[in-house]
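Geometric and topological summary
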Amino acid sequence: MIDLSWWRRAKLFLFRDRASRELEEEMRLHRALRAEQLAGSGISDADARAMAQRRFGNATNVEESSREIWGFAAAETLQQDLRYAARRLRQRPGFTAAVVIVLALGIGATTAMFSAVDAAILRPLPFPHADRLVILPDVNIPFDPGPTQHFPKSATHFVDLNDANAMPNVFSSAAGYAVGGLNLGDAERPTRLTIAAVTTNFFATLGIGSAIGRTFAAQEGVPGRSHVALLSWGLWQRQFGGREMIGRSIILNTKPYVVVGVMPRGFSFPEEADLWIPMTLPTTFESFEAFRNYLPSSVIARLAPGISATTASHQLLARWRQGLAPGLKGEANGQGYLHDSLHDLEKSGGMISLQRGLVGDRRTALVLLLGATGLLLLIACANVANLLLSQGSTRRREVAVREVLGATRSRIVRQLLTESVLLAMMGTAIGVAAAPAALRVIASLIPHQLAGVAPIGVNLRLLAFAAALALLTGIVLGLWPALGASRGDLSGAVKSGGGHGSTGAAFGMSRRLLVGAELALAVMLLIGAGLMLRSFARLLDTDSGMQVEHAGTLQLTFPSSIPWGRKRVEINAILDRLRASPGIVAAGAVNDLPLSGSGGIALQITADGVPAHDDDVGARDLFASPGYFAALGIKVIAGRDFAATDDSGGPSVAIISTSVARHYWPGQSPLGRVFRSDPNTPITVVGVVADTRQSTLDVDPTPQMYMPMAQWTPPNVAIVARGTMAPAAMLDAIRNAVRAIDPTQAVYNVRTMTDVLGRSLAPRRTNTLLLSVFAALAFVLAAVGVAAVAGYGVTQRRRELGIRSALGASGADLMALLSREMAIVATIGIAVGLAGAWALARVTSSLVYGVAIHDPVTFVAAPLLLLVAAIVATVVPARRALHVDPATVMRND
């Protein structure tokens, strides 16, 4: 039932002015009726009114009692406190602006970073019972290479996971997925799409259904049965305008696929997939078309009801050990690839939670940056607490007068807390308003694997966190100054006019403690930022093996139905047209760009005449055209580039990287030497080029061997050109060359090589930028805090300084007196921060490249910088002490 009494009381509160008028009218009518009765008994009208008033009692008390009965006295009191706090803040615009800006910086930064951490770590994935989903590393998807080849089965196979006999009651279901790309056939807008090949039970394993139509049926995962597809909501809207698509065909790499469903809005897992196709079991070479001829698959599973993750891990590891047992016996002394693999599996428990697996190594950076914003917020709070303590000491007379007039201490504390909470709310509002701009920078920290299911942005969770943080900050900031301002010698404060009460010494000590804490926290942030900056500088100095300036690239993919000879002709035509373009100096093609993050395929090679060793390298198998090395600025150290004669009719030749040459022919020329990646094909070395970083700059270059693209043309090609024109014009020239040869070809990843390098550095750049900004803000806030405390000390000690000056103290003596205490505070604070940074440096170990975590330059420079700033911030206000006129001070006193 509805409680009508609450509704009536709410109406009384909302229309309390009218209720008050009605109450006054009722009381006046009651007194008039009583006076009329008394007048009828022979008493004069004036005496009757006076007697009626006396019998009625104190009207004010009656009104207050009535309001208490209405039940909203607390709300009215809060409203009064808010109005009074708002008036006080308007009267002190400078103080209000300073506090709000400082809090906006601290709370805004913390809130923005919380959004990233919440999206990646704290917020559950948007799947039913997402905590039951796990990733299983090193589980192979079954593969059928055909009758001529054989691939060994892994110790744990995908089909084992769904086999009740092999692994009883461990997983309720297991699914596989892989992310690649296909061209959407469109005469007007050929488009490259991100596609996910998934086993037919993938969506059931996640617990997600389609929004329109259906998901995949079991028989659609059998090779050769059917070609069907599911559209993402975003692709359905932008590419097809939201029109009816169920049952219609779309062309992907020249093959028709029937659309059977559309997934819900906001779902694009994994990796912001545009559409999904069935992964056939077993997979075949045909399935590899979307994956650059190798299948980087992942396996996920849902734990069976009633089984714990620990029990599932034990059973999974037991299965691994059983399957690997024959191979482990063949490895001597417990060492070898299989032993290392089993060790890694045992370390991870054979599985990790889906969310943790998707976050990967970004987890450390996110937590570190959230901790950094927490330190910044603490510094901001210390600064604001200092400001509030200053205000508290100057409001002693106001507080004393209010207490003399009858205000209770709790009432005064509540009023002062209301002011601090209102300040915190204002700062939070500004911080949250600026959050979207900050989130655009922070978004690069979110792993791309999570982008389709864990979007970063302003949402209810973020607003709730910001509101809770504002409330907590306001209470913590206001409680200490409020309690201090509401105690002490009230009569002395009233007589003296406030500002020099007995709490002055306590306030001074509190302010110095806060400044020491600010300096300690600022040192920790400065050292962390220094390590990241030096690390990033070392990273930028790292030789990538190429020259990215004045080079541009785009990628294109040929359907598998196109013969490799036709691909070669088309690529050569594109390159010839590019080379003939004005301003283009060199042009070439390769199947995998450096710094693309692609692992590629590494082949074990043996060199003729060189004894085989256990540490023989596996070289990345790359295919390049003539002119590629010149286009990308890769130095040819020995030998030659590929020539037009290096085609399918000529002998097999290769260009190797320096790491391959050093390994197999140390101190010798590798030119003319022969090596093999399979026993039947001898390959002659015709050139040596510099190693290039294939993944990122902080990952050592892998050994590489380049084969002529004319001998085998891969389906995925990156066109690279170097020119003297502006970057935009060069990219247009590359794009136009492709369109002139094949207008139906979808091009993607059109960018300069400088952008390629920049994207590979994006996470580290964002980490460094954010931590540096936080450290710079901490530095400024700490310096301002020192200056504020020093200036406050000069103001509070004017009388003492005047007396000392009158007794003969020199300016240097006064400077030393004022600086000594702050120097001690600064030294202690910086020392504590230095110790904390030393202890926490290991946290940054995975984020630092080329610099020791206890780098002496950083650990000396950062404290010295802050110490110099603290000295300057102390000396500037202390110089005012030199101009104190003793006579004026004594006369005022």
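Residues numbered from 1 in each chain as written. Predicted model: local features only at pLDDT ≥ 70, side-chain atom pairs only at ≥ 80, totals over all residues. Heavy atoms only, no water.

Broken down by element type, the protein chain carries 27 helices and 22 strands. If you take every contact in the protein chain between residues at least 6 apart in sequence, the share linking residues at least 24 apart comes to 80%. When the accessible surface of the protein chain is summed, it comes to about 41,500 Å², and 59% of that surface belongs to carbon and sulfur atoms. (Helix = DSSP H or I, 4+ residues; strand = E, 2+ residues; numbered from the N terminus. Contact = heavy atoms within 4.5 Å. Areas by Shrake-Rupley, 256 points an atom, 1.4 Å probe, with all protein chains shown as cover.)

Turning our eyes to something else, we now look at the side chain of T205. Mapped onto the elements, T205 comes out in helix α8 (residues 202-206). The contact partners of T205, leaving out residues within four places of it in the chain, are L133, S173, A174, A175, I300, A301 and R302.

Counting 107 residues, the largest nonpolar core has F127, L206 and W276 as the members making the most contacts within it. Ranked by residue count, the leading element in this core is helix α13 (residues 362-394), at 16 residues. Grouped together as the second largest cluster of nonpolar side chains are 43 residues, L136, M245, M279 and L342 included. (Core = buried A, V, L, I, M, F, W, Y, C linked by side-chain atoms within 4.5 Å. Buried < 20%, exposed > 50% of the residue type's maximum accessible area, 1.4 Å probe, protein only.)

Relative to the helices and strands, A197 resides in strand β3 (residues 191-198). When the C-alpha positions of A197 and W276 are compared, they lie 5.8 Å apart, and in sequence the two are 79 residues distant.

Another point: the pattern of salt bridges. Inspection of the entire model under this criterion finds 14 salt bridges. In this structure, R92 engages E419 in a salt bridge whose closest nitrogen and oxygen atoms are separated by 3.3 Å. Separated by 327 residues along the polypeptide, R92 in the loop between α5 (73-91) and α6 (93-122) and E419 in helix α15 (residues 409-442) bring together distant segments of the chain. Like E419, R92 is buried. One continuous salt-bridge network, built from bridges that share partners, spans D118, R123 and R461. (Salt bridge = Lys/Arg side-chain N within 4 Å of Asp/Glu carboxyl O.)

Turning our eyes to something else, we now look at the confidence of the model for the protein chain. For any part of a model where pLDDT is low, the fine detail of the predicted coordinates should not be relied upon. Mean pLDDT over the protein chain works out to 79, with 78% of the residues at or above the 70 mark. Across the protein chain, strand β5 (residues 228-231) holds the top mean pLDDT of 94, while helix α17 (residues 490-496) sits lowest at 49. Segment residues 493-504 is flagged for pLDDT under 50; beyond a separation of four residues in sequence, or across chains, it makes 22 contacts in the model. (pLDDT = per-residue confidence, 0-100.)

Further remarks concern the pairing of strand β6 (residues 249-252). Here β6 shows a clear split, with I250 and L252 buried on one side and none of S249 and I251 buried on the other. Looking at chain direction, β6 and strand β7 (residues 255-262) are connected through four bridges and run antiparallel. When the bridges of β7 are listed, I251 appears paired with P256. Linking two consecutive strands that pair antiparallel, namely β6 and β7, is a turn of two residues; a positive phi of about 50° is found at N253 within it. (Pairing = 2+ DSSP bridges.)

What follows covers the packing of aromatic side chains. In this description, an aromatic ring pair is defined by two values, namely the gap between the centres and the angle between the planes. Tallying each qualifying case throughout the model produces 18 aromatic pairs. With a centroid separation of 5.7 Å and an interplanar angle of 65°, the aromatic rings of Y177 and F202 are classed as edge-to-face. In this pair, Y177 sits in strand β2 (residues 171-184) while F202 sits in helix α8, placing the two residues 25 residues apart along the sequence. You'll find Y177 and F202 in the same group, each marked buried. An angle of 50° between the planes, with centres 5.8 Å apart, marks the rings of Y664 and W665 as tilted. Taking relative accessible area as the criterion, Y664 reaches 5% and is therefore assigned buried. Accessibility expressed as a relative area gives 3% for W665, which makes it buried. (Phe/Tyr/Trp six-rings, centres within 6.5 Å; stacked < 30°, edge-to-face > 60°.)

On to unusual backbone geometry, then. One can expect most non-glycine residues to show negative phi and most peptide bonds to be in trans. With omega at 0°, the peptide bond leading from F269 into P270 counts as cis. In the Ramachandran plot, N749 falls in the positive-phi region, its phi being about 50° despite a non-glycine side chain.

The next subject is a nonpolar patch on the surface. On the surface, M425, L471, I475 and L479 cluster together into a nonpolar patch covering about 310 Å² of accessible area. Looking at where I475 falls in the secondary structure, it is placed in helix α16 (residues 460-485). (Patch = residues over 30% accessible without salt bridge, like charges linked within 9 Å, V, L, I, M, F, W, Y side chains within 5 Å.)

The terminal C-alpha atoms of helix α22 (residues 727-741) lie 22 Å apart, and with 15 residues this matches the ideal 21 Å at 1.5 Å per residue to within 8%. Among the residues of α22, those classed as buried are M730, L731, A733, I734, R735, A737 and V738. Buried residues along α22 sit against β11 (551-557), α19 (564-579), β12 (584-590), β21 (716-723) and β22 (747-752). (Expected span 1.5 Å × (residues − 1).)

Direction vectors running N to C along α19 and α22 enclose 135°, while the axes themselves pass 9 Å from each other. On the basis of the axis angle, α19 is oblique to α22. For α19 against α22, the interelement crossing comes out right-handed. Where α19 approaches α22, its residues E570, A573, I574, R577 and L578 are matched on the opposing element by A733, I734, A737, V738, A740 and I741. Across the contact of α19 with α22, the residue classes tally to nine nonpolar, no polar and two charged. (Axes fitted to C-alpha atoms, helices over the stretch in contact; angles between N-to-C directions. Parallel < 35°, antiparallel > 145°, perpendicular 65-115°, else oblique. Left-handed = near helix turned anticlockwise from the far one by under 90°. Nonpolar A, V, L, I, M, F, W, Y, C, P; charged D, E, K, R; others polar.)

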